[in-house]
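Each chain, letter by letter, is given below.
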Amino acid sequence: MSVSENGGIPETHSGPLWVQTVTVTTADQTHALGAALAEVLRAGDLLVLTGELGAGKTTFTQGLGEGLGVREGIISPTFVLVRIHPNLADGPRPGGPDLVHVDAYRLGSASEIDDIDLENTLDSAVTVVEWGRDRVEHLTESRLEVELHRQLGGIAPAHQTGNGALDFESEDDDEPRTIIIRGFGPRWAEQPVLAAEGNS
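What counts as what
Residues numbered from 1 in each chain as written. Predicted model: local features only at pLDDT ≥ 70, side-chain atom pairs only at ≥ 80, totals over all residues. Heavy atoms only, no water. Salt bridge = Lys/Arg side-chain N within 4 Å of Asp/Glu carboxyl O. Helix = DSSP H or I, 4+ residues; strand = E, 2+ residues; numbered from the N terminus. Buried < 20%, exposed > 50% of the residue type's maximum accessible area, 1.4 Å probe, protein only. Core = buried A, V, L, I, M, F, W, Y, C linked by side-chain atoms within 4.5 Å. Contact = heavy atoms within 4.5 Å.

Chemist: Just checking my understanding: could you explain the pattern of salt bridges for this structure?
Modeler: Pairing between side chains becomes possible if they bear opposite charge and their charged atoms approach one another. Scanning the entire structure with this criterion turns up six salt bridges. Two residues, Arg133 and Glu145, come together in a salt bridge whose shortest N-O distance is 3.4 Å. A residue pair is termed long-range when its members are at least 10 positions apart, and Arg133 in the loop between β6 (125-130) and β7 (143-150) and Glu145 in strand β7 qualify at 12 residues. What makes Arg133 partly exposed here is its relative accessible area of 30%.

Printed below as a string of structure tokens:
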């Protein structure tokens with residue numbers, strides 16, 4: 001895993017305060033980066049995930065869930081829009097925040113986001129919104145944007161799952177990926193140091 005930064009130079013007030021780019025070569029590294037980021041997250045944090053099908057958004061979110069100590073079974077919430085994964089009392093962060101996982105792909109606007117009442121859980125959970133760019137920025141003044149890119153481009157092949165659904169995010173897909181993390185707002189004025197950086 002390799003990491004590069006923009007030197008912490010703030011951009012305009014509406015732009016990110018810092019940008020960090022991480023190159024991973026395996027799904028395990030994508031998962032580990034999510035787990036490392038979870039260590040600096042707290043209730044009220046909003047993450048906006050973008051990336052084409054197969055870029056690793058679900059693998060990254062599974063890592064976040066592991067790091068937050070929430071119930072296992074994180075899958076893409078495509079057909080239900082929102083899944084809530086409660087914090088486990090016997091997990092690594094007992095008493096920590098729940099994870100709210102949202103798929104905004106089929107939501108056309110910020111007003112449709114408002115219809116699913118994320119405000120009810122926003123302050124008490126870590127909220128991850130896939131495909132949330134230009135839809136959730138109004139929810140809070142601070143957010144992390146996480147952009148995942150498959151270096152080979154294109155759409156990952158679909159795999160049949162046990163329940164007959166198609167899974168575009170094969171966990172054994174170990175092609176290189178670039179993950180760009182951007183911090184916005186006062187909560188992310190300082191770029192966090194992630195434990196995984198020591199392994200880069």
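Let us keep going from here.
Chemist: Got a minute to help me understand the nonpolar core in this structure?
Modeler: General note: in soluble globular proteins, nonpolar side chains tend to be found buried as a group. Leu37, Leu41, Leu47, Phe60, Leu64, Leu144 and Val146 are the most contacted members of the largest nonpolar core, which totals 27 residues. Of all the elements in the fold, those that place two or more residues in this core are β2 (18-24), α1 (27-38), β3 (46-50), α2 (57-68), β6, β7 and β10 (177-184). Counting residues in hydrophobic clusters, the runner-up holds 13 residues, among them Leu46, Val100, Leu122 and Val136.

Chemist: Would you explain the side chain of Arg182 in this entry?
Modeler: Note that Arg182 resides in strand β10. If we ignore the near neighbours within four places in the chain, the residues touching Arg182 are Pro16, Trp18, Val19, Arg133, Arg143, Leu144, Glu145 and Glu147.

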